[in-house]
There are 2 protein chains.
Amino acid sequence: MAEKLKIIPLGGLDEIGKNITVLEYGKDMIVIDCGVGFPDEEMYGVDLVIPDFAYLTQNAKKLRGLFVTHGHEDHIGSIPYLMQQVNCPIHGTAMTNGLIRLKLEEHRLVDAVKLVTHKPGDVVKAGCFQVEFIHVNHSIADAVAFAVKTPVGTVIFTGDFKIDPTAKEGMIDLARLGQLGSEGVLALMADSTNVERPGYTPSESKVAEGLDRQFKNCDNRIIVTTFASNMYRIQAVLETAQRYGRKVAVTGRSMENMIKVAQELGYLKIKSGTIVELGALKSLPKNKQVIISTGSQGENMSALYRMAFNTHKQVDIVSGDRIIISASAIPGNEKAVSRIINELYRKGADVVYEKSEGLHVSGHACQEELKIIHGLVRPKFFIPLHGEQRMLQIHSKLAQSMGMNPRNIQIAENGSCFELTGKTCKVGAPVTAGKVFVDGTGVGDVGSVVLRDRKHLAQDGMIVVCVNLSAEDGEVITGPDIITRGFIYVKESEELMDELREVALEAIERCRRKRVRDWSAIKSAIKNDLSGYLYKTTKRNPMILPVIMEI
Amino acid sequence: MAEKLKIIPLGGLDEIGKNITVLEYGKDMIVIDCGVGFPDEEMYGVDLVIPDFAYLTQNAKKLRGLFVTHGHEDHIGSIPYLMQQVNCPIHGTAMTNGLIRLKLEEHRLVDAVKLVTHKPGDVVKAGCFQVEFIHVNHSIADAVAFAVKTPVGTVIFTGDFKIDPTAKEGMIDLARLGQLGSEGVLALMADSTNVERPGYTPSESKVAEGLDRQFKNCDNRIIVTTFASNMYRIQAVLETAQRYGRKVAVTGRSMENMIKVAQELGYLKIKSGTIVELGALKSLPKNKQVIISTGSQGENMSALYRMAFNTHKQVDIVSGDRIIISASAIPGNEKAVSRIINELYRKGADVVYEKSEGLHVSGHACQEELKIIHGLVRPKFFIPLHGEQRMLQIHSKLAQSMGMNPRNIQIAENGSCFELTGKTCKVGAPVTAGKVFVDGTGVGDVGSVVLRDRKHLAQDGMIVVCVNLSAEDGEVITGPDIITRGFIYVKESEELMDELREVALEAIERCRRKRVRDWSAIKSAIKNDLSGYLYKTTKRNPMILPVIMEI
C-alpha cells in the first residue's frame, strides 16, 4: 500500500491561538508554527496554554524541521516548550527568527537549537518535503505562507495574512499563489480569523493617514500605544513624528525589545536622533514629544497602565496629553482597555481610540480577500484553520460559495488526522492533542482537578476544621478549630464561627456515639453537616477541609 | 440662609449599572431608581453589587418616595434590599411596577411595600417635590423620564431613553420636554450610555423588518433569543410568527415570567392559540415552530445554553435549526455568547447573530439624539449620568459643543453632593456611597479582605500545614501534615510534598532551638520558609495556612 500524506492540526481549531500543524509522510514529519494560547477566565492562575506535544515526542525521530510563518505569540510562543522535549532545526524569516531567538534566550535554549533564516522565494528541503516561503501581508513584518511540495501533491498553508495592495513592504505574492494554483494544489489550509467580516480589511497605509490627522495641529504631548510586534505601525509613528519635528521615547519592556530586534535586522528605519531616552524627552517642549508605549490591551503593569494609574516611574499623565490607542481590544480584553481609557480621561487626557478614526486595521483577511485566495489556489481539498467553530463553518460555506464540493472540505478538531492521496482525503484515527497548562515554572502539573478546586475556592473561599482526636477512643482532645479564608469577614461573624464549631463538634460526637472510627467517615460527616448548615444559613458553598490528627 | 436643593447620585457613575440618585430639599427627600450592578471579574463569587444605602437609612424620615424610570435590573434590582432597610411608597408605570412586584414577591416584601402606578403625564406630589412622568422610548415598555419641580426650579432626569419616531408605542414626548425647556430648566441629568456613538440609534421597527427577512423562506424550526424584558421585540417575534403561520413556545424562567407579567398588563398582544407549550410545538411541522428563549447573553444554564449543550430537557438543537440572536453582547459577556454560538454551529444550526443583519438595535440615545434633548431642554446646569468616566467626559464635551458653559457642567462621582439655588450649583461635602456585595443570602459580609483572599486562592490555591506542638517545650508531637487544594496535582508531586514537610519541620525546629514560643512567630516562620521555597522551585505563591494545636 502506498504511503499517504497525513495532515494533523494539533492546535488552533475551536480556539484562537495555539496554532500548530503537522505534515507527515512515511518517515518524515514537519511542523508548521508552534504557538501559545491564552487562558480563558475559567483557567484560574494559568499563565499560558501550550499544545500537548505527545504526538511529536513519540515521533521525534521523524521530525525534519519546524517552519514558522511569522513571529506572533500564537505562532511562536510554545517553541521553547517544544524544544525542551525534541530537537529539530527551526526555519523562519529574519524577523520571525529574531523574535524566536528572544524566547530561546529567555529559556536558555539558544545554543541548543538551530535557527535557519530564509527569504520569501526560498525553498527548503526537509525529508521528502520541499517548503517554499511565500511573502504575505500581515500585522507583523516578514510574514510568510508556505507551499509544501509533498509526494502526493502541493499543500498551501496561508498562515495569518491579508491582502494589502498598498503595503510598504509590497503586496502579498498573489502571482506565486496563482501560479501554484494553475499547477494544481492538493490542499489549502487557510486563516479563518476574520471570515465573519464581509468586504476587505483596510490597508496598513490608512493608519499612517489616521496618525497624521492626530499629529497635525496637536500642541501637546502625544502618547501612542499599539501592539509591540507591529513594526509597520511603529515605523509610521516614527515617520509621522519626524514630519512634525517630534522626538520619540519608548517605554515598556516588550516594546523596547521588539524595537531593538527590528532595528538590528533593518525592519525599522529610524533617522538618528529621532529616538531619545524618556529623561531627555522631558526637557523638550510638549509639542515636540512622542512616547510609544505598551498597554494597548489594557495589560496590568504595562507602561500605559502604570502611566494611567500613577505608578510609572518617569511619566505622569497630565491634562491635555493626547493618547492614541492604535489597536483594537482582543476579545476578553475589552474591560481592561476601558478601565485604562477611563482613568486617562479622569486625568484630563484627550484619548483617541475609536476604530472610526482610522487608527487601527486588522492583520487578517476578510471575506473578499479569502475569496481571492480560494479563487487563485483552487485546491482539491480545503481545511479551514485558525478559528472557533463558527469561523471554521463560515469559512467552509465561503469555500462552497466559490463552487467547492462540501465533501472536499474538512472541519478539523485539534488532533484530527487527514490522510491524503493525490485524489482522496480521508479522516484517519485522531492523535493525542490538547491543552497543557503552564503555571509559573510548572508545565502540565495543573490540570482539571486543580482548576476545579481553584474555581471552588474563588467562588466561596474555604473553611479548615482542625481537631485532635484520641487514638484510644476517638474523643476530642483539642479543637475543633475553625479557620476560614475568602469566606466571610470573620471579625463581624463571630456568632457564625461559634455555630460552625458546634456543628462540627456534634458531627464528631455523633460518629463517636455510633463508634465510627474510620477517619474518612468522620471527615465526611463534618463536611456534610457543615456544608448543609452553611447552605441553609448563607446559601454559600465554601470548600470544607477537615483535618484530623490522632494523639 | 435659604434651603438648597441637593442632588446626590449614589450610584451609576464611573460604572454601568447600580443607578440611584437622591434629590433632597429641607426635610424632604426622593430617590430616583434603585438598580443593581454586576460583579466584574475581580469580584470572585459575588452575585450582585448594590449601592451603599447608609445615606438613605440615616435620612429615612425624610424619604417621601422612590420614583422608578423603568423596569431594567440596573434601575430596579436593588429595590428589595433598600426596602429591607427603609420604607416609602414606590412610584412607577404599570410595566415597571409589574416587574418590581415580581422582585418584592421573591423577597417576601410585597405586602410591606406600597406600589403606586402612574401614567405618562401624571404628576405626583412628594413632600415639596412634584414629579411628572414623561413618556420616553427605550428597550423596555413603559419607560419614563421625570421632570421634578423643586422649590428652586425644575430638574429633568431622562432615565434610559432613545428617540424612536417610528416606535409602536409612540415617540418620546419631545413636545413636553421642549415646553419644559421653554419654561426654564434648572438642571438636566441625562443618560450617557451611548454617548460615544455618533449619529442616531435605529428604530425598534428596523428589527421587525430584520426578523421578517429571517422568517421568510425558512423551512426549519426558528429559535429566537433576546432580552427577556424587551416586550416590543417579543411582540415583533410573535407577529412575525403569526404572519408565517407559526406557533410559538417559550422557554427559560425569566422569559416566561416577563411574558406573563406583560400579558396580564396588556403590554403584549397575543392572538389566542399563537403561544403553545413546548410539548405541543414538537408535534407541528418544523416550519411551523418558533421557540423564544433566554440566553442572549450566553448565560450559563439559560435555556439556549442548555439547548446548545444538550442539557435542555425538552429541546435538542438539530441540524438546520435557524437560531436568531436578537441582542448584542453586553461588555464582558462576549466570550460566553461566542461559546454558545460555536456550539450551535457545531450542531449544524444556522445561527444569525451579526448586527449587520438588523436583528438588534440599542435602547440608548446616540450623539445626535442627545443633542436634540440638550437643545430642547436647554438646562442651566448639566450632570451627565449612567456611564464610565470616558462617557461622562464625552457627554460633557457634547454639551459644550451645544454652547453650554463648562463651569455649568458637573462630572459627579457616586456620593457627590451638588447644592443648587435657582442660580448656582456648588459642590458640597460628599456623602457615603459605595459598593455593597451580595453573596448568597449575605449582604455586605463579603468585603475587600475576603475578595483579596479569594483572588489569592484562585490564582495559586492553598497549602494547610497542621502540627501538634507540646505545650511544655514546643516539641513536635504529630505532624506537620501538608494538605493542598488548587495548588498542584498531589499524586504526581509526592516528592515536592515531602520537601514541603521538611521545610516546615525545619522552620519549627529552628524556632524551638531559638526558644521562640510565640505561636504567631512560629506560624510566620513556617509561612515565610515555605513561600520562599515554593517561589524558588515553582514560581508560584499559594496561600499558606499554618495551623498549630497545643497538646
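Shown above is the structure to which this text applies.
A.B. asks: So what's going on with the overall build of chain A? Which residues, and what values?
C.D. replies: Along chain A, the regular secondary structure elements total 16 helices and 25 strands. For chain A, the C-alpha atoms occupy an extent of roughly 85 × 75 × 45 Å along the three principal directions. Burial statistics for chain A: of 551 residues in total, 58% are counted as buried. For chain A, the share of sequence-separated contacts (at least 6 apart) that also reach a separation of at least 24 residues comes to 72%.

A.B. asks: Describe the interface of chain B and chain A, naming the residues involved and giving the relevant values.
C.D. replies: Across the boundary between the two partners, chain B contributes 63 residues, which contact 64 residues of chain A. A buried area of about 5500 Å², summed over both sides, lies between chain B and chain A, and 56% of it is on carbon and sulfur atoms. When residues of chain B are sorted by the area they lose upon contact with chain A, Tyr345, Arg390 and Met549 of chain B head the list and together hold 11% of the total. At the surface where chain B touches chain A, the tally comes to eight salt bridges. Here Asp439 of chain A ties to Arg540 of chain B by a salt bridge, and the two come within 3.5 Å at their closest N and O atoms. Among the elements of the structure, α11 (334-346), α13 (389-401), α14 (448-460), β23 (462-469), β24 (476-485), α16 (519-538) and β25 (543-550) of chain B are those that each provide at least two residues to the side of chain B that touches chain A. Tallied by class, the residues present in the side of chain B that touches chain A amount to 24 nonpolar, 17 polar and 22 charged.

A.B. asks: Residue-level account of the packing of aromatic side chains, with values.
C.D. replies: Both the distance between ring centres and the angle between the ring planes are used here to describe each pair of aromatic rings. Residues and elements named next belong to chain A. In total, this model carries 13 aromatic pairs over all chains according to the counting rule given. With 4.9 Å between their ring centres and 85° between their planes, Phe133 and Phe146 make a pair best called edge-to-face. Residue Phe133 is located in strand β9 (residues 129-135), and its partner Phe146 is located in strand β10 (residues 144-150); the two are separated by 13 residues in the primary sequence. Phe146 matches Phe133 in its accessibility class, with the two residues each being buried. Through a chain of ring-to-ring contacts, the aromatic side chains of Phe67, Phe133 and Phe146 assemble into a single cluster.

A.B. asks: Which residues make up the pairing of strand β13 (residues 222-225) of chain B, and what are the values?
C.D. replies: The two faces of the sheet receive side chains in turn, since in a regular strand these alternate between them. Residues and elements named next belong to chain B. Alternating residues of β13 divide into Ile222 and Val224 and Ile223 and Thr225, and every residue in both groups is buried. Across four bridges, β13 lies against strand β16 (residues 322-325) in parallel orientation. Across the sheet, residue Val224 finds its bridge partner in β16, namely Ile324.

A.B. asks: Run through the side chain of Thr226 of chain A, naming residues and quoting values.
C.D. replies: All names here are of chain A. Following the sequence through the fold, Thr226 ends up in the loop between β13 (222-225) and α7 (231-243). In this structure Thr226 comes out as buried when scored by relative accessible area, which is 3%. For Thr226, the residues in contact, after removing those within four places along its chain, are Arg233, Ile234, Met255, Ser293, Ser296 and Ser326.

A.B. asks: Let's hear about the sheet that holds β9 of chain A: which residues, and what values?
C.D. replies: Residues and elements named next belong to chain A. Ordered in space as β8-β9-β10-β11-β12-β18, the six strands form an open sheet in which the pairing is mixed. Here the strands that pair on one side only, and so sit at the sheet edges, are β8 (123-126) and β18 (379-385). Mean inter-strand twist for the sheet, computed between neighbouring axes without regard to direction, equals 20°. Inspection of the sheet shows β9 paired to β10 by six bridges, in the antiparallel sense. Its bridge partner lying in β10, Glu132 is registered against Ala147. The sheet strands contacting helix α5 (residues 174-183) are β9, β10, β11 (153-157) and β12 (185-191), and the helix crosses β9 at an angle near 140°. Running at roughly 170° to β12, helix α12 (residues 367-377) makes contact with β11, β12 and β18 of the sheet.

A.B. asks: Please set out the environment of Ile477 of chain B residue by residue, giving values where relevant.
C.D. replies: Residue and element names in this part refer to chain B. In this structure, Ile477 sits in strand β24. Residues Ile477 and Ile551 lie 74 residues apart in sequence; the distance between their C-alpha atoms is 8.0 Å. For Ile477, the contacting residues outside a window of four places in its chain are Asn468, Leu469, Ser470 and Ile551.

A.B. asks: Could you give an account of the relation of the copies chain B and chain A, naming the residues involved and the relevant values?
C.D. replies: Between the two copies, chain B and chain A, the superposition gives an RMSD of 0.0 Å; the rotation angle is 180° and the shift along the axis is 0.0 Å. Considering both components of the superposition, the chain copies are consistent with a two-fold axis. Considering only C-alpha atoms, the residue of chain B closest to the rotation axis is Ala458 of chain B, which sits at 2.4 Å. When the interface residues of chain B are mapped onto chain A, 100% of them again fall at the interface, so both copies present the same face.

A.B. asks: Describe the pattern of salt bridges, with residues and values.
C.D. replies: A side chain with one charge may pair with a side chain of the opposite charge, provided their charged atoms come close. Tallied over the entire structure, the rule returns 56 salt bridges over all chains. Its salt-bridge partner being Asp14 of chain A, residue Arg346 of chain B comes within 2.9 Å of it at the nearest N-O pair. Pair noted here: Arg346 of chain B is in helix α11 and Asp14 of chain A is in the loop between β1 (5-11) and β2 (20-25), and the two residues belong to different chains. Classification of Arg346 of chain B as partly exposed rests on a relative accessible area of 35%. On the basis of relative accessible area, Asp14 of chain A is assigned to the partly exposed category, the value being 28%. Residue Asp212 of chain A is joined to Lys216 of chain A by a salt bridge in which the shortest nitrogen-to-oxygen separation is 4.0 Å. Residue Lys216 of chain A is classed as partly exposed on the basis of its relative accessible area, which comes to 43%.

A.B. asks: Requested: an account of helix α13 (residues 389-401) of chain A, with residues and values cited.
C.D. replies: Here α13 of chain A is 13 residues long and its end C-alpha atoms lie 18 Å apart, about the 18 Å a rise of 1.5 Å per residue gives. With respect to burial, α13 of chain A is a largely interior element, 10 of its 13 residues being buried. Residues of α13 of chain A that are buried include every one of Gln389, Arg390, Met391, Leu392, Gln393, Ile394, His395, Ser396, Leu398 and Ala399 of chain A, and no others. Of the surrounding elements, those touching the buried residues of α13 of chain A are β12, α12 and β18 of chain A together with α11 of chain B. Looking one or two residues past α13 of chain A, Gly403 of chain A carries a phi angle of roughly 100°, positive in sign.

A.B. asks: So what's going on with the sheet that holds β16 of chain B? Which residues, and what values?
C.D. replies: To summarise the sheet geometry, strands pair through backbone hydrogen bonds and adopt either a parallel or an antiparallel arrangement. Residue and element names in this part refer to chain B. The strand order across the open sheet formed by five strands is β14-β15-β13-β16-β17, and the pairing between neighbours is parallel. In the strand order of this sheet, the two ends are held by β14 (247-251) and β17 (350-352), each with one partner. Recorded for the sheet is a direction-independent mean angle of 20° between the axes of neighbouring strands. Strands in contact with helix α6 (residues 205-215) are β13, β15 (289-293), β16 and β17; relative to β16, the strand with the most contacts, it is inclined by about 170°.

A.B. asks: Describe helix α7 (residues 231-243) of chain B, naming the residues involved and giving the relevant values.
C.D. replies: Residue and element names in this part refer to chain B. Relative to the 18 Å expected for 13 residues at 1.5 Å per residue, α7 spans 18 Å between its end C-alpha atoms, a close match to the ideal helical length. Among the 13 residues in α7, 10 count as buried, and that is most of the element. For α7, the set of buried residues is Met231, Tyr232, Arg233, Ile234, Gln235, Ala236, Val237, Leu238, Thr240 and Ala241. Elements in contact with the buried residues of α7: α4 (94-106), α6, β13, β14, α8 (253-264) and β15. Its side-chain oxygen placed 3.2 Å from the backbone nitrogen of Tyr232, Asn230 serves as the N-cap of α7. A positive backbone phi angle near 65° is found at Gly245, which sits one or two residues after α7.

A.B. asks: Go over the nonpolar core with me, naming the residues and quoting the values.
C.D. replies: What tends to happen in soluble globular proteins is that the nonpolar side chains get buried as a cluster. In terms of nonpolar packing, the biggest core is built from 115 residues, with Leu344 of chain A together with Leu56, Leu66, Ile79, Met83, Ile90 and Ile373 of chain B touching the most fellow members. Ignoring sequence-local partners within four residues, the contact set of Leu344 of chain A consists of Leu304, Ala308, Ile317, Ile323, Ala349 and Val351 of chain A. Grouped together as the second largest cluster of nonpolar side chains are 114 residues, Val185, Leu188 and Phe382 of chain A together with Ala249 of chain B included.

A.B. asks: Which residues make up the packing of helix α6 (residues 204-215) of chain A against α7 of chain A, and what values go with them?
C.D. replies: For any two helices packed against each other, the geometry comes down to the angle between their axes and how far apart the axes lie. All names here are of chain A. Look at α6 against α7: their axes get within 10 Å of each other, and the N-to-C directions meet at 35°. In the crossing of α6 with α7, the sense of the turn from one axis to the other is right-handed. Along the contact surface, α6 presents Glu204, Val207, Ala208, Leu211, Asp212 and Phe215, while α7 presents Tyr232, Arg233, Ala236, Val237, Thr240, Ala241 and Arg243.

A.B. asks: So what about unusual backbone geometry? Which residues, and what values?
C.D. replies: The amide bond that connects Gly479 of chain A to the next residue, Pro480 of chain A, takes the cis arrangement and shows omega of -5°. Within the secondary structure layout, Pro480 of chain A lies in strand β24 (residues 476-485). Positive phi values are uncommon outside glycine, yet Met301 of chain B reaches one of about 75°. The residue Met301 of chain B is located in the loop between β15 and α10 (303-308) in this model. Assessed through its relative accessible area of 53%, Met301 of chain B is described here as exposed.

The rules we used
Residues numbered from 1 in each chain as written. Chains lettered and ligands numbered in written order. Predicted model: local features only at pLDDT ≥ 70, side-chain atom pairs only at ≥ 80, totals over all residues. Heavy atoms only, no water. Helix = DSSP H or I, 4+ residues; strand = E, 2+ residues; numbered from the N terminus. Buried < 20%, exposed > 50% of the residue type's maximum accessible area, 1.4 Å probe, protein only. Contact = heavy atoms within 4.5 Å. Buried area = accessible area lost by both parts, 1.4 Å probe. Salt bridge = Lys/Arg side-chain N within 4 Å of Asp/Glu carboxyl O. Nonpolar A, V, L, I, M, F, W, Y, C, P; charged D, E, K, R; others polar. Phe/Tyr/Trp six-rings, centres within 6.5 Å; stacked < 30°, edge-to-face > 60°. Pairing = 2+ DSSP bridges. Axes fitted to C-alpha atoms, helices over the stretch in contact; angles between N-to-C directions. Least-squares fit on C-alpha atoms with pLDDT ≥ 70 in both. Expected span 1.5 Å × (residues − 1). Polar contact = N/O pair within 3.5 Å; in protein donor to acceptor, adjacent residues only side chain to side chain. Core = buried A, V, L, I, M, F, W, Y, C linked by side-chain atoms within 4.5 Å. Left-handed = near helix turned anticlockwise from the far one by under 90°.

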